Amino acid sequence: MLPLDDRSKLEDDLPNLTNLKVEIMAYHGSLMYLDFLQEPPPKAVKSSLGVDKVYLINLERRPDRLAKMKAVLAEIGVEFQLVRAVDGKNDVDEKFIARLGIQMMPEFKEPYHGRAITRGEIGCFMSHFNTWNDVVKNSYDFVIVLEDDVR
Amino acid sequence: MSKIEELHKHLKQIKLDWDLIFLGRKILRDYEEAWVDNSNLLVHVNYTYWTLGYMLTNRGAKKLIDEKPLSKIVPVDEYLPIMYDKHPNDKWKSFYQNRNLLAYSVHPQFIFPTHYTGEPGYLSDTEDSKVLCEPNCDQIIPESSNHQEL
């Protein structure tokens, strides 16, 4: 952490400290406080960042990512709604594809490997698509959509 | 993330009409992206690869649904650039009618991926899964995988 210069106030260090903590938490999850710290640091005030909803898309089989994102969002005081991601490995099968009328774009080939769309990519699309539907259904004006692998 | 509040204020100030604002993404190549008029926070977006997070309006959500993308599905990271009409593949674009999503990005980004492809710890949830075959084929074939994610 950079030391403050003459023009800065002590309060200016708080966002710096938060950023540093968030950076660590993005990789290692929650931090523990040492016993001899009598007073725990103040909790951030919860908000939705001025939008109607903050969505966090998380795959159920990645609780590790969720734990980290939860820790980070709590640290910066962001309230969010968890969106259970559609899992390409478990949710997307022939029935699922037929039921939703999913059809591949005829020309689509993934640029690197020239392969067709994967079940995982369909799951990912559906996770976002469901989120968009939720926005319309609830008549939200503004929302934020986050994937669970960000910092 | 009080940066978000700053962004709200800024959007009102410059009276920008928008549907989607990327908060973090991965740009494939170093495209020149022009600043939005009167803004030192927002750029016009070019082709964007890998979406991490975005702010979306109700109108934006409607546009993305009304295009009925499930009947011509592509990965969401391709769908968004198609819908804001900056996808380099004209053939793909031609399947979609109303490519009028008003998209911008904050610059510099507010959020970052925890890992980039190939970095230690990188694990893709989508790339390492089975391939769906052509629409009329009733069978899902596994990807002949010559590459392996970590």
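Calculation criteria
- Residues numbered from 1 in each chain as written.
- Chains lettered and ligands numbered in written order.
- Predicted model: local features only at pLDDT ≥ 70, side-chain atom pairs only at ≥ 80, totals over all residues.
- Helix = DSSP H or I, 4+ residues; strand = E, 2+ residues; numbered from the N terminus.
- Contact = placed C-beta atoms within 7 Å.
- Axes fitted to C-alpha atoms, helices over the stretch in contact; angles between N-to-C directions.
- Parallel < 35°, antiparallel > 145°, perpendicular 65-115°, else oblique.
- Nonpolar A, V, L, I, M, F, W, Y, C, P; charged D, E, K, R; others polar.
- pLDDT = per-residue confidence, 0-100.
- Buried ≥ 20, exposed ≤ 12 C-beta atoms within 10 Å, placed from the backbone.
- Pairing = 2+ DSSP bridges.
- Right-handed = clockwise from strand over helix to strand, strands pointing away.

1. Comments concerning the overall build of chain B
And step 1. In terms of regular secondary structure, chain B is built from four helices and four strands.
And step 2. Reading chain B from its N terminus to its C terminus gives the helix and strand order α-β-β-β-α-α-α-β.
And step 3. Summarising the internal contacts of chain B: among those between residues at least 6 apart in sequence, 63% fall at separations of at least 24.

2. What to know about the packing of helix H1 (residues 13-28) of chain A against helix H2 (residues 63-75) of chain A
Residue and element names in this part refer to chain A.
And step 1. Across the interface, H1 lies against H2 with an axial gap of 9 Å and an inter-helix angle of 170°. Considering their axes alone, H1 and H2 lie roughly antiparallel with respect to each other. Mapping the contact onto sequence places Thr 18, Lys 21, Val 22, Met 25 and Ala 26 in H1 and Lys 68, Ala 71, Val 72 and Glu 75 in H2.
And step 2. Here the residues of the contact of H1 with H2 are counted per class, giving five nonpolar, one polar and three charged.

3. Remarks on the confidence of the model for chain B
Residue and element names in this part refer to chain B.
And step 1. In the predicted model, chain B carries a mean pLDDT of 76, and the fraction of residues at 70 or more is 69%.
And step 2. No element of chain B has a lower mean pLDDT than strand S3 (residues 49-57), which averages 86, and none a higher one than helix H2 (residues 58-66), which averages 98.
And step 3. Segment residues 115-150 is flagged for pLDDT under 50; beyond a separation of four residues in sequence, or across chains, it makes 54 contacts in the model.
And step 4. Here the prediction assigns the complex a pTM of 0.80, and the interface score ipTM is 0.82.

4. Digging into the pairing of strand S1 (residues 53-58) of chain A
In the case of a regular strand, side chains alternate between the two sheet surfaces.
Residues and elements named next belong to chain A.
And step 1. Of all six residues that make up S1, six are buried, and the element is covered over most of its length.
And step 2. The alternating pattern of S1 places Lys 53, Tyr 55 and Ile 57 and Val 54, Leu 56 and Asn 58 on opposite faces, both of which are buried.
And step 3. Pairing geometry for S1 and strand S3 (residues 142-147), over five bridges, is parallel. Note on S3: the bridge partner recorded for Ile 57 is Glu 147.
And step 4. With four bridges connecting them, S1 and strand S2 (residues 81-84) associate as parallel partners. Residue Asn 58 lies in a different strand from S2, and its bridge partner there is Arg 84.
And step 5. Crossover handedness for the path S1 to H2 to S2: right-handed.

5. Some thoughts on the pairing of strand S1 (residues 20-26) of chain B
All names here are of chain B.
And step 1. Most of S1 is tucked away, with six of its seven residues classed as buried.
And step 2. Note: S1 against strand S4 (residues 103-106), three bridges, orientation parallel. Across the sheet, the residue bridging to Phe 22 is Ser 105, located in S4.

6. Comments concerning unusual backbone geometry
And step 1. The omega torsion across His107(B) and Pro108(B) is -5°, close enough to zero to call that bond cis.
And step 2. Mapping Pro108(B) onto the fold places it in the segment after S4.
And step 3. Look at Leu49(A): it is not a glycine, yet its phi comes out positive at around 60°.
And step 4. Within the element layout of this structure, Leu49(A) appears in the loop between H1 and S1.
And step 5. Even without glycine at this site, Lys15(B) takes up a positive phi of about 50°.

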